[in-house]
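Structural description and commentary
Okay, here's what each chain looks like letter by letter:
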Amino acid sequence: MQSAQVIVLATPVFLGLIAIEFIVGWRRGRNTYRLADAINSIGLGMMSQVTGLFTKLAAIGFYTWVYQRAALVQMPTDAWWVWALGLLAYDFCYYWLHRFGHTMALFWAAHSVHHQSEDYNLSTALRQTSSGWIAGWLFYLPMALLGFPPLVFGVVALIDLLYQYWVHTQQIGKLGWFDRWFCSPSNHRVHHAVNEKYLDKNYGGILIIWDRMFGSFVEEDDVEPCVYGTIKPLRSWNPLWANLSFYAELARDSWHTRSWADKVKRWFAPPGWRPADVAAMFPGEPCDLKRQPYELPLTPARQAAALALFVTAMVGTLGLLWFAHTLGFWPLLGGASAVVAVLWAAGWACTPTRAAASGAAWVGEPTQG
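Residues numbered from 1 in each chain as written. Predicted model: local features only at pLDDT ≥ 70, side-chain atom pairs only at ≥ 80, totals over all residues. Heavy atoms only, no water.

**Considering the overall build of the protein chain**
What the protein chain contains, in helices and strands, is 16 helices and zero strands. Relative to a compact globule of 369 residues, whose C-alpha radius of gyration would be 21 Å, the protein chain shows 21 Å and is just as compact. Burial analysis of the protein chain (369 residues in total) assigns 52% to the buried set. In the protein chain, of all internal contacts separated by at least 6 residues, the share reaching a separation of at least 24 is 77%. When the accessible area of the protein chain is evaluated, it comes to approximately 17,200 Å², of which 70% is carbon and sulfur surface. With 26 positive and 24 negative side-chain charges, the protein chain shows a spacing of 3 Å between the two charge centroids. (Helix = DSSP H or I, 4+ residues; strand = E, 2+ residues; numbered from the N terminus. Rg over C-alpha atoms; globule rule 2.2 N^0.38 Å. Buried < 20%, exposed > 50% of the residue type's maximum accessible area, 1.4 Å probe, protein only. Contact = heavy atoms within 4.5 Å. Areas by Shrake-Rupley, 256 points an atom, 1.4 Å probe, with all protein chains shown as cover. Lys, Arg positive; Asp, Glu negative; His and termini not counted. Charge placed at Lys NZ, Arg CZ, Asp CG, Glu CD.)

So, in structure tokens, the structure goes:
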């Protein structure tokens, strides 16, 4: 079965758990959902999946090429220990990819999409980038060199990804001993927070022991509630802009700075670093932990339109993922483009005309979140 089809089969589970979380939060008086934000987050997940139909082949291709030509050994696929070690190795590599995703601007440009939501719930888990393939595959090449077969790599990658879904919730508290060893809701809430004491911590995918080993672990403090999002909020429901906003920031700063060294450094320095001349020209704003989440009042007609477009995009995405292996390049490209267009329209429906005309979608300087 294709990995895309696994996502299709998992979708009812994802949506069912979102419904349960919403009901639990509503009954507790702690609802964590807003319509436009949830549509935007899940829509970005759809966009990531349809673009992944093209980009994942490139990443697997690089991995397979290295495995076939440079592996020290070629491990068997019929031994349980290969799969167990493969999952452990993948999670270790993921930790470093995730850490660089917060400490190097080029990688943050892709990963920031996942952090843009100012809500924290299971829909946030589905909020994924469409550009992680650009350089993310580099971090997994050690697995190819060690001899983990591409099949093992692909399966453990899916397991690691699916595991991380359930930790994106505020409805599950601390879990005692489990929190000391594994990525858990409490540990991952810290990771998504912009509070100074929580910033850029808890990168583990399945295991949190990597963070304890490499000094990036912080425990959630009940005295200081997590504030979610990015330091500079996105303030847009446009899924295309969500993916491109920080790349645009990097390009703008690189263009305007007078130093050639800084033009390059801007892409590889920590996300919050900026050349002095550009920082003076386009000053950023301090992180406001008391800010109100981005919200635009929507008429019932706009809410209905956004929901209808969202459902249309979901049906199209599921169909495309299920039949992708039977389609040629051009039908696949046409279908993916149609899904992206409908998702853009759903974002537009969530944005009243006056807000769109005022430039609400522009982002000043998003950094780590």
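**Observations regarding the packing of helix α2 (residues 35-70) against helix α11 (residues 239-256)**
It is at 9 Å that the axes of α2 and α11 come closest, and there the two elements cross at 75°. Compared by their axis directions, α2 and α11 come out roughly perpendicular. Residues Asn-40, Leu-44 and Met-47 of α2 lie in contact with α11, whose contacting residues are Pro-239, Leu-240, Ala-242 and Asn-243. Looking at side-chain class alone, the contact of α2 with α11 contains five nonpolar, two polar and no charged residues. (Axes fitted to C-alpha atoms, helices over the stretch in contact; angles between N-to-C directions. Parallel < 35°, antiparallel > 145°, perpendicular 65-115°, else oblique. Nonpolar A, V, L, I, M, F, W, Y, C, P; charged D, E, K, R; others polar.)

**Regarding the side chain of Glu-21**
As for its position among the elements, Glu-21 is in helix α1 (residues 3-28). The buried charged residue Glu-21 lacks any salt bridge, with Arg-189 as its nearest oppositely charged partner at 8.1 Å. Beyond its immediate chain neighbours, meaning those up to four positions away, Glu-21 contacts Thr-32, Tyr-33, Asn-121, Leu-122, His-168, Thr-169, Gln-170 and Gln-171. (Salt bridge = Lys/Arg side-chain N within 4 Å of Asp/Glu carboxyl O.)

**Brief notes about unusual backbone geometry**
Excluding glycine, residues mostly carry a negative phi; peptide bonds, for their part, are mostly trans. Despite not being glycine, Asp-200 shows a phi value in the positive range, around 60°. Looking at the element boundaries, Asp-200 is found in the loop between α9 (185-192) and α10 (209-213). The exposure class of Asp-200 is buried, given its relative accessible area of 14%. Phi is positive for Asn-202, which is not a glycine, with a value near 55°. With respect to the helices and strands, the residue Asn-202 is situated in the loop between α9 and α10.

**A few points about the pattern of salt bridges**
In this structure the tally under the stated criterion is 12 salt bridges. For Glu-295, the salt bridge identified is with Arg-34, shortest N-O distance 2.9 Å. Of this pair, Glu-295 sits in the loop between α13 (276-281) and α14 (300-323) while Arg-34 sits in the loop between α1 and α2; the two residues are 261 residues apart in sequence, bridging distant segments of the chain. You can call Glu-295 partly exposed: its relative accessible area is 40%.

**Here we look at a nonpolar patch on the surface**
On the surface, Leu-9, Trp-322, Phe-323 and Leu-327 cluster together into a nonpolar patch covering about 360 Å² of accessible area. Along the chain, Leu-9 turns up in helix α1. (Patch = residues over 30% accessible without salt bridge, like charges linked within 9 Å, V, L, I, M, F, W, Y side chains within 5 Å.)

**Side note on the nonpolar core**
Counting 39 residues, the largest nonpolar core has Ile-18, Ile-42, Met-46, Leu-53, Tyr-165 and Cys-350 as the members making the most contacts within it. Mapped onto this core, the elements with two or more residues apiece are α1, α2, α5 (122-125), α14 and α15 (329-349). Per-element tally for this core: the top contributor is α2, with eight residues. Counting residues in hydrophobic clusters, the runner-up holds 24 residues, among them Cys-93, Phe-107, Ala-135 and Ala-157. (Core = buried A, V, L, I, M, F, W, Y, C linked by side-chain atoms within 4.5 Å.)

**Observations concerning α11**
The end-to-end C-alpha distance of α11, which contains 18 residues, comes to 26 Å, matching closely the 26 Å that a straight helix rising 1.5 Å per residue would cover. By the largest-angle criterion, Ser-245 marks the main kink of α11, which is about 40°. Among all positions of α11, only Pro-239, Trp-241, Ala-242, Asn-243, Ser-245, Phe-246, Tyr-247, Glu-249, Leu-250, Arg-252, Asp-253 and Ser-254 are buried. Looking at the packing, one finds that the buried side of α11 touches α2, α4 (105-115), α12 (260-268), α13 and α15. (Expected span 1.5 Å × (residues − 1). Bend = angle between axes of the 7 residues up to and from the residue.)

**Focus on the side chain of His-102**
Within the fold, His-102 resides in helix α3 (residues 80-103). His-102 gets classed as buried once you look at its relative accessible area, which sits at 0%. Looking at His-102, its side chain comes within polar contact range of the side chain of His-115, at 3.2 Å. For His-102, the side chain forms a polar contact with the side chain of Asp-200, separated by 3.2 Å. (Polar contact = N/O pair within 3.5 Å; in protein donor to acceptor, adjacent residues only side chain to side chain.)

**Re the environment of Gln-303**
Mapped onto the fold, Gln-303 is located in helix α14. For Gln-303, a relative accessible area of 33% puts it in the partly exposed group. In this structure, the C-alpha to C-alpha distance between Gln-303 and Asn-195, residues 108 residues apart in sequence, is 32 Å. Residues contacting Gln-303, with those up to four places away along its chain left out, are Leu-35 and Leu-298.

**Comments concerning the packing of aromatic side chains**
A full pass over the atoms with the stated rule returns 25 aromatic pairs. Taking 4.2 Å as the distance between ring centres and 15° as the angle between the ring planes, the aromatic pair formed by Phe-62 and Trp-137 counts as stacked. In this pair, Phe-62 is assigned in helix α2 and Trp-137 in the loop between α5 and α6 (141-146), connecting sequence segments 75 residues apart. Here the aromatic rings of Phe-92 and Trp-210 are separated by 5.0 Å at their centres, their planes lie at 70°, and the arrangement is edge-to-face. Note that Phe-92 is positioned in helix α3 and Trp-210 in helix α10, a separation of 118 residues in sequence. In this structure an aromatic cluster arises from ring pairing among Phe-92, Tyr-95, Trp-96, Tyr-203, Trp-210 and Phe-214. When the ring centre of Trp-260 is taken as origin, the NZ or CZ atom of Lys-263, which lies over that ring, is 5.3 Å away. Here the basic side chain of Arg-302 rests over the ring of Trp-348, its NZ or CZ set 4.8 Å away from the ring centre. (Phe/Tyr/Trp six-rings, centres within 6.5 Å; stacked < 30°, edge-to-face > 60°. Lys NZ or Arg CZ within 6 Å of the ring centre and 35° of its normal.)

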